[in-house]
Amino acid sequence: MHPVLTLVAQRLALGILLLFAASALIFVGTQILPGDVAQSILGQSATPESLANLRKELGLNEPALSRYFSWLGNALQGDLGTALTNGRDIAESLGSRLGNTMFLAGTAAVISVPLAIFLGLLAVRYKDRWPDKLISAVTLTSISIPEFLIGYVLMYFISVKLGWFSSVAMINDGMSFFEKLNAIALPVMVLVMVVLAHMMRMTRAAILNVMQSAYIETAELKGLSGFQVIAKHAFPNAISPIVNVVMLNLAYLVVGVVVVEVVFVYPGMGQYLVDHVSKRDVPVVQACGLIFAAVYIGLNMLADIISILANPRLRHPK
Amino acid sequence: MKIIPISALIGLFFTFLYFFVAIFAPWIAPYGMAEIVGDVWEPSSSAYWLGTDSIGRDLLTRMIYGGRTTIFIATAATILSFTTGATLGFLAAVSGGWIDQVLSRFVDLIMAIPSLIFALVVLSVMPVTIPVLILVMGLLDATRVFRLSRAVAVDINVMDYVEAAKLRGEGLRWIIFREILPNALSPLVAEMGLRFIFMVLFVSTLSFLGLGVQPPQADWGGIVKENKEGIVYGISAALAPAFAIATLAISVNLVADWVLNRTTSLKGGRG
């Protein structure tokens, strides 16, 4: 087999292994804690009968290991169980919400990735001059404010004071694509601001790192034009760090989406998760946690694989 | 001792100011923490500098007490994450072998799940109290400190003086606390600033989601949650914490930058 294929297969196997371990960790996190899950769901005032019923419903009378495997087995077949609070099938309620969340995160990614790379290049081109310093100051500020506060700041100034976009992002299936885009304008803006800052700073560092190496100087000295230096010599070596940065931030987007959905009352997975955490609906929390972890691990794995493909040095490990 | 640069001075000043206000909150705040003093969402006036909140409490008072809670939780969680993370990281680097493998792979595993998601999963079954919050946040964040301190300690561990200490028969505890810790301190201190800010953001986010500090206790995330309905009517009460968090975060960052630069130029390299 080709050595690259072997490496990629190794990463894939590692990712799947990690996913199983993560599912175990999520399960352990909700089950083997001090005290009884049924007790903490129902509170101190629960009657012994209702406790016994809930224990039976959650299968708490069986050993934890067999519960874990039956939960995992069902989850692999797409059966995520039923919600405790309303008895609805979790997979069914999650389906459309997952789509909504992906739509929101995807739109943010489509806008922020090219913009971050462009701004990163701009900051490198004008290093230590005012565009670089301005970009650094703005990104430092937006890193220092939590996502939900950026959300409310934008909501206050853009939606309430200027009246441009709606302050809640309700979407439904009846809306056309552009109506949907208009509805999610503000949450997308927040997400773009949050990941843009990280992505831009890391892109800038990655390109600066490459531009300082000796072979770039050689290329400049032998009389290549600025464009040729960047396109033929600097860019190939900057691809792998940049792809890494992009993937890490897409993974970060997965988490950022949870909070932003709550701010803008957006019918996505994040809001579903947060709602059910406060209702102590353990099966829903486990299911959402598993999906978020899977997306996060998947993106990280993809970043690994792409950087192996883009960087010849990683193809031949010593 | 070189002169402290102006940016670090500003950072130090504001950081100390925030901690001072947090510690002496009951003497500084003009009203009681949960005391209802006026109408709902009054504009700012000489009696209420920042106006009043969603049920008529003085917003400035809430902000001061909120800062106290937020800063206390963030500080405690940072200390917890540094003591566990750094001790285990040094231990892994010094002992190597299977201890290192087990600890490192376990940390990889925890870091494979986003910490906010994992915190939500754990908090769905735990009672949400301040000690539990500190424990969950501190231990989740210890993974990042572990990685940094292990990386730093691996470099120090191969130095001659560590070798000498090992050869003269010093125990593991001596190696970690007398040989490695003093030399690893500067990158750790700079990182501590960043972790502290991360904790402030983390606890504010959890409180905002209703899973952190519980009312009537004030905290910066909770203030946003209590006043968010006002935004739509053009009442900016919910934005006050944004300003507080941003200034605190930027000043701590400035101090951390300075610490890092100073120690780097001192030794000609990080650590």
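Residues numbered from 1 in each chain as written. Chains lettered and ligands numbered in written order. Predicted model: local features only at pLDDT ≥ 70, side-chain atom pairs only at ≥ 80, totals over all residues. Heavy atoms only, no water.

**Quick notes on the overall build of chain A**
Scanning chain A for helices and strands turns up 14 helices and 0 strands. Starting at the N terminus and walking to the C terminus, you meet the elements of chain A as α-α-α-α-α-α-α-α-α-α-α-α-α-α. When each of the 318 residues of chain A is scored for burial, the buried share is 46%. Excluding contacts between residues fewer than 6 apart, the proportion of contacts in chain A whose partners are at least 24 apart in sequence is 72%. If you sum the accessible surface of chain A, you get close to 15,900 Å²; carbon and sulfur atoms cover 65% of it. (Helix = DSSP H or I, 4+ residues; strand = E, 2+ residues; numbered from the N terminus. Buried < 20%, exposed > 50% of the residue type's maximum accessible area, 1.4 Å probe, protein only. Contact = heavy atoms within 4.5 Å. Areas by Shrake-Rupley, 256 points an atom, 1.4 Å probe, with all protein chains shown as cover.)

**Topic: the nonpolar core**
Generally speaking, a soluble globular protein has its nonpolar side chains buried in company with each other. Ranked by internal contacts, the top residues of the largest apolar core, which has 128 residues, are Leu 120 and Phe 208 of chain B. It is helix α11 (residues 226-263) of chain A that provides the largest number of residues to this core, a total of 19 residues. In this structure Phe 208 of chain B touches Phe 148, Tyr 152, Val 259, Val 262 and Val 263 of chain A together with Gly 221, Val 224, Lys 225 and Lys 228 of chain B, once residues within four positions along its chain are discounted. Membership of the second largest hydrophobic core comes to 17 residues, among which are Ala 93, Ala 165, Ile 176 and Leu 188 of chain B. (Core = buried A, V, L, I, M, F, W, Y, C linked by side-chain atoms within 4.5 Å.)

**Some thoughts on the packing of aromatic side chains**
The geometry of an aromatic ring pair is captured by the separation of the ring centres together with the interplanar angle, meaning the angle of the planes. All names here are of chain B. This structure, assessed with the given rule, holds 5 aromatic pairs over all chains. Ring centres of Phe 13 and Phe 14 lie 5.3 Å apart, and the angle between their planes is 75 degrees; this geometry places the pair in the edge-to-face category. Residue Phe 14 is classed as partly exposed on the basis of its relative accessible area of 34%. Seen from their ring centres, Tyr 18 and Trp 220 are 6.0 Å apart, and the 80 degrees between their planes marks the pair as edge-to-face. Of this pair, Tyr 18 sits in helix α1 (residues 6-23) while Trp 220 sits in helix α9 (residues 220-231), placing them 202 residues apart in sequence. (Phe/Tyr/Trp six-rings, centres within 6.5 Å; stacked < 30°, edge-to-face > 60°.)

**A look at the pattern of salt bridges**
Residue and element names in this part refer to chain B. Evaluated as defined, the whole model comprises 8 salt bridges over all chains. The residue Asp 141 makes a salt bridge to Arg 195 at a minimum N-O spacing of 2.9 Å. Note that Asp 141 is positioned in helix α6 (residues 130-157) and Arg 195 in helix α8 (residues 172-208), a separation of 54 residues in sequence. Residue class for Asp 141 comes out buried when judged on its relative accessible area of 2%. Residues joined by salt bridges that share partners form a network here, namely Arg 105, Asp 108 and Arg 147. (Salt bridge = Lys/Arg side-chain N within 4 Å of Asp/Glu carboxyl O.)

**Points about a nonpolar patch on the surface**
All names here are of chain B. A cluster of nonpolar residues, Ile 6, Leu 9, Ile 10, Phe 13, Phe 14 and Leu 17, forms a patch on the protein surface that exposes about 570 Å² of accessible area. Mapped onto the elements, Leu 9 comes out in helix α1. Assessed through its relative accessible area of 41%, Leu 9 is described here as partly exposed. (Patch = residues over 30% accessible without salt bridge, like charges linked within 9 Å, V, L, I, M, F, W, Y side chains within 5 Å.)

**Description of the side chain of Ser 204 of chain B**
Residue and element names in this part refer to chain B. Tracing the sequence through the fold places Ser 204 in helix α8. Residue classification places Ser 204 among the buried positions, given a relative accessible area of 0%. For Ser 204, the side chain forms a polar contact with the main-chain oxygen of Val 200, separated by 2.6 Å. (Polar contact = N/O pair within 3.5 Å; in protein donor to acceptor, adjacent residues only side chain to side chain.)

**As for the interface of chain A and chain B**
With 43 residues of chain A in contact, the opposing surface of chain B contributes 41 residues. Here chain A and chain B share 0 salt bridges between them. Taken together, chain A and chain B are joined by 0 residue pairs in polar contact (both at pLDDT 80 or more). Residue assignment for the side of chain A that touches chain B shows that the elements contributing at least two residues are α1 (3-31), α2 (37-42), α6 (130-143), α7 (147-161), α11, α12 (269-278) and α13 (282-310) of chain A. Considering each element in turn, the side of chain A that touches chain B owes the most residues, 9 residues, to α7 of chain A. When its residues are assigned to classes, the side of chain A that touches chain B shows 33 nonpolar, 8 polar and 2 charged. (Nonpolar A, V, L, I, M, F, W, Y, C, P; charged D, E, K, R; others polar.)

**Topic: the packing of α12 of chain A against α13 of chain A**
Residues and elements named next belong to chain A. Relative orientation of the contacting elements α12 and α13 amounts to 145 degrees, with a least axis distance of 9 Å. Seen along the crossing, α12 lies across α13 with a hand that is left-handed. Facing Met 269, Gly 270, Tyr 272, Leu 273, His 276 and Val 277 of α12, the residues of α13 in contact are Val 284, Val 285, Cys 288, Ile 291 and Phe 292. Taken together, the residues of the contact of α12 with α13 sort by class into 9 nonpolar, 2 polar and no charged. (Axes fitted to C-alpha atoms, helices over the stretch in contact; angles between N-to-C directions. Left-handed = near helix turned anticlockwise from the far one by under 90°.)

**Description of the confidence of the model for chain B**
Residues and elements named next belong to chain B. The pLDDT averaged across chain B works out to 80; a share of 86% of its residues lies at or above 70. Confidence scores differ between elements of chain B, with helix α2 (residues 25-28) showing the lowest mean pLDDT of 74 and helix α3 (residues 59-95) the highest of 88. Within the model, pLDDT remains below 50 along residues 265-271, and this stretch shows 12 contacts once partners closer than five positions in the same chain are excluded. (pLDDT = per-residue confidence, 0-100.)

**Things to note about unusual backbone geometry**
The phi torsion at Val 265 of chain A lies on the positive side, around 50 degrees, for a residue other than glycine. Looking at the secondary structure, you find Val 265 of chain A in the loop between α11 and α12.

**Structural notes on the environment of Leu 302 of chain A**
In this fold, Leu 302 of chain A is placed in helix α13. Between the C-alpha atoms of Leu 302 of chain A and Ala 22 of chain A, which are 280 residues apart in sequence, the distance is 17 Å.

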